[in-house]
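Analysis of the macromolecular model
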Amino acid sequence: MFHVARRRILAALTAASFALLPQAAQAAYPEQLIKIIVTFPPGGSADTVIRALEPLVTAELKQGLVIENRAGAGGNIGMAAVAQAKPDGYTLGVAPAGALTVNPHLNAAMPFALKDLAPITLLAEIPFVLVASANVPARTPAETIALAKARPGALSIGHGGNSTAMHLTAALFTQRSGIAMELVPYRGTAPAAVDVLAGHVPFAVLDIPASRQLILEGKLNAIGVSSARRLASLPDVPTLAESGLAGFESVGWFGLVAPAGTPAEVIARLNEAFTKALKDPVVAEKIRTLGAEPAPTSPEQFGRFIQDESAKWGKLISEAGIKAN
């Protein structure tokens, strides 16, 4: 009888142990290195931000991050690799705005779909500023619009390249203002800044790193920033929204995603670790020095944000007749 009872107790304990295995496995995440695919080359904003977050996230998760730069096709190559990865929380991606909300409206054959990705958190927003050459007689959005209406089609706005966030910001400004201005593409922000500084184009949409010092030195006139709120780095420059274009908002951004089907518990753990790091004052200040703003969100908020951005840019692309490069 003693041996029978002993066997029954052991069997019950064994069954209980197996019943607890799934919970233990979930609690143990992560058990190995986590790969994060960055869809642009080293040194860019997305790459620099994720590397600034790395020490704090590693300490929080007690597991290392392996950052892999996989650039090309406006972020499509890297995002496709994330979408096709095993949904176990060990392959993540830093998703750029263009790949998720612009490219699908410009390319009929995308290598992934939004449904293939699970949002974790928005990481950072990159606001832009509409600037004018020093010799242009416009200092405000109202004066810029009046000047453009007085000279329809004669003025132009430089930007960092076709289909980029800066291109779409310029297109949104002209559409919302009801003005006709030529949109001039450059191969990046730096050459656009050089030409507006020299007066070869009267206006340009630039990012903050390329424009802030020139604005502070009075070499470029800041017409307005494209974000919904004023920037700490340029506190005296009004937003376009508060300057007559109510509701105007256009920012570049990137966020963290996982393959669709990644367990909700894993998504929640990753969200907790990354949003905590984004709120750290030292890390936040590092991000701001890049001309970006930390933007931690819940997975649900990030998912809604992606859908809203996709709808906004899809409408603009259709109405403005914007084509892929």
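Let me sum up the structure you'll find in this document. Because the structure is a prediction, the values reported are computed rather than measured.

1. Considerations on the nonpolar core
- Judged by nonpolar contacts, the single largest core of 63 residues is most densely connected at Leu 53, Phe 203 and Phe 274.
- Broken down by element, this core gets its largest block of residues, eight residues, from strand β4 (residues 117-133).
- The next biggest cluster of nonpolar side chains, apart from the first, holds 21 residues, and it includes Ala 95, Ala 99, Leu 122 and Ala 295.

2. Structural notes on the environment of Gly 199
- Mapped onto the elements, Gly 199 comes out in the loop between α7 (189-198) and β7 (203-207).
- Linking Gly 199 and Ser 133, residues 66 residues apart in sequence, is a C-alpha distance of 5.5 Å.

3. A look at the packing of aromatic side chains
- All chains considered together, the criterion is met by three aromatic pairs.
- Geometrically, the ring pair formed by Tyr 29 and Tyr 90 is tilted, given 5.2 Å between the ring centres and 55° between the ring planes. Here Tyr 90 lies in the loop between α3 (76-83) and β3 (91-96) and Tyr 29 lies in the loop between α1 (2-28) and β1 (34-38), a separation of 61 residues in the sequence.
- Residue Tyr 90 is classed as buried on the basis of its relative accessible area of 12%.
- Plain terms: the ring middles of Trp 253 and Phe 305 are 5.2 Å apart, the flat faces sit at 70° to each other, and that makes the pair edge-to-face. A residue pair is termed long-range when its members are at least 10 positions apart, and Trp 253 in strand β9 (residues 251-259) and Phe 305 in helix α11 (residues 299-320) qualify at 52 residues. In terms of burial, Trp 253 and Phe 305 fall into one category: buried.
- Taken together through their ring pairs, the aromatic side chains of Trp 253, Phe 302 and Phe 305 make up a single cluster.

Reading the values: the criteria
- The residue numbers shown here count from 1 along each chain, following its written sequence.
- Local features in this predicted model are restricted to residues whose pLDDT is 70 or higher, and side-chain atom pairs enter the listing and the counts only when it is 80 or higher, whereas totals over whole chains, interfaces and linings include all residues.
- The side-chain quantities take in all heavy atoms of the structure and omit both hydrogens and water.
- Here, nonpolar core refers to any group of buried Ala, Val, Leu, Ile, Met, Phe, Trp, Tyr and Cys residues whose side-chain atoms link them within 4.5 Å.
- A 1.4 Å probe rolled over the protein chains alone gives each residue an accessible area, and that area as a share of the maximum for its type sets the label: buried under 20%, exposed over 50%, partly exposed in between.
- A helix here means a DSSP run of H or I that spans at least four residues, while a strand means a run of E at least two residues long, and both kinds are numbered starting from the N terminus.
- Between rings of Phe, Tyr and Trp, where Trp is taken as its six-membered ring, a pair exists when centres lie within 6.5 Å; planes separated by under 30 degrees are stacked, by over 60 edge-to-face, and by other angles tilted.

Note that all results are geometric; they support no functional claim without further evidence.
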